[in-house]
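Architecture at a glance
The primary structure of each chain is shown beneath.
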Amino acid sequence: MPTDRTTTLVAPVASNNVRRRSFYRSFVQFLFSNLGLVIVVFAYSAAGAFLFILLEQYIELQNCQQGNLSENISILNLSETIYNDVALQNDNTTVLYTKITYYLTNFTDEIYSRRTTLRYSGQNCANTSGWSYTSALLFTITVITSIGYGHITPTSWEGQITCICYALIGIPIFLLCLSNISSVLGDIFRFMYSGLLHCFCCACRIYTRNRRRVNRQSRLSKLQDSHGIDYTGAPTIDPCWPEANRRTAGKLSDEDENDCDDYDDDDDDDDKDDIWSRMESRVPFGAVILIIIGYIYLGAVMFSKFEGWTMIESVYFCYITLSTIGFGDYVPGVTSSSGAGVRFLLACIYILFGLAILAMCFDLIKEGIVDKFHWCANKLGIIATDDDQIDEDRTRYANFEYDSSNQAQTPPIQNNIKRLNDETKSNSTVVPCDYNDETWINNIRDKPEPTSVNSKNKKEMKIDDEKR
């Protein structure tokens, strides 16, 4: 019966469950990749900003209106009290001065109380809000990076509980992203440093090779004449060699000189392979410190221009921020102006990239310190080198094989010896004898002497002589 080949060759269609599982697996792998972690951090920060705006902006507006009302009532009470004491009562100047000082002190205490409890400092409640989107985004970034400026904080119990949960989830995600990004940046910077080092070293090697070639040619021209014989009378090269045909005016051709140079360079390279590998794989401390200083200086110039701070204040802010200390005495974008949102956004970008670069620098410094300690330990003989460890492992493996082979061969050998002893005992007959009697000598069998070929030949020759 003929079969339809199209139906037999077509692969079975995957079910919806299999497709869904493969999609979830691919999605999780993407989330844990470097790009996926960066996207997750940015999305988590942006979503957290919206969440805290939803929870805190309404409470902030209520507190602001309550603080404004309390301030107006305090001003009205103060004005009426001072008017009554000055206009209606005829007190002397000293008593009047004491009363006014008391009233103003109470009014100042009320201002500080409203600022502490209600976060009200005289701002316009309708137009000014501390929980704008850019300010909330900076708040979420300072939470997951554990900087914590403290310029705005949640006041409601819902916002405080949400902040705890948000930090518990966000800090590990950010640390994981920071470790991956710092390793990638470290590999990129190490590659750039090794490429720059190779370019510099290639230029040095070309200069050294040309100088060595000039010195060799000048030395050969001084020691050799046109016939290829030096002044000591020893031939410099065999005329039968092919290089003799390429010798012109006491000089080797360019190809032979390059071969000689390559031979010398190979000897030098073999001696310096270890040094070059260490130089390429390890970035020096000076370069790492220059990266940190350069990034801090770049941020200081940017914030001194946008925020109006001095250069010292900008450097202080950048260092306190990147070291995750975060005092909160200097916060970008706090002053009310038209570009406050842009300044908040620039501060967020500067903090995120700065922490990644600083983590990269710390990783490079750690690798350099570990390499230095490892090199010192090898020189002092505290730890074994890789070659010594390999030799020791090979010796242990060889001893193990030898012991295992002996253990495997010992039982058969012992069994063979036991079997031979048993056969000897079974075949041998014990003859009782009296050593005082000489009959035991008769029981001893004479050992037949082997007759060699030469003795047989001698006997045959003797018999032939007798016959003759």
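Predicted model, so just to flag it, every value in this text is computed and none were measured.

A short note on the state of the cysteines
Per the stated rule, a full pass over the model turns up 1 disulfide. At a sulfur-sulfur separation of 1.9 Å, the disulfide partner of Cys-64 is Cys-125. Disulfide Cys-64-Cys-125: the torsion about the S-S bond is -90°, which places it as left-handed. With Cys-64 in helix α3 (residues 34-88) and Cys-125 in the loop between α4 (93-117) and α5 (133-144), the pair connects residues that are 61 residues apart, well separated along the chain. Given a relative accessible area of 5%, Cys-64 falls into the buried group. Given the relative accessible area of 14%, Cys-125 is considered buried. Unpaired in terms of disulfides, Cys-163 finds its nearest cysteine sulfur in Cys-165, a separation of 9.4 Å. In this structure Cys-163 comes out as buried when scored by relative accessible area, which is 17%.

Focus: the UniProt feature "transmembrane region" (unreviewed entry) in the protein chain
Under the UniProt annotation, "transmembrane region" (unreviewed entry) lies at residues 27-53, 130-149, 161-182, 188-208, 283-303 and 344-365. With 60% helix and 0% strand, the stretch residues 130-149 has end C-alpha atoms that lie 14 Å from each other. Segment residues 344-365 splits into 100% helix and 0% strand. End C-alpha atoms: 31 Å apart.

Procedures and definitions
Sequence order sets the numbering: in each chain, residues are counted from 1 along the sequence as written. Residue-level local features of this predicted model are given only where pLDDT is at least 70; pairs of side-chain atoms are given and counted only at 80 or more, and the full residue set underlies all totals for whole chains, interfaces and linings. For the side-chain quantities, the full set of heavy atoms in the structure was used; hydrogens and water were omitted. In this description, the term disulfide denotes a pair of cysteine sulfurs within 2.5 Å. Here a strand is any run of E in DSSP of at least two residues, a helix any run of H or I of at least four, and the numbering for each starts at the N terminus. Per-residue accessibility, obtained with a 1.4 Å probe over protein chains only, is compared with the maximum for each type, and a residue is labelled buried under 20%, exposed over 50%, and partly exposed between these values. UniProt positions are given in the numbering used here, feature names are shortened, and annotations may be inferred rather than shown by experiment.

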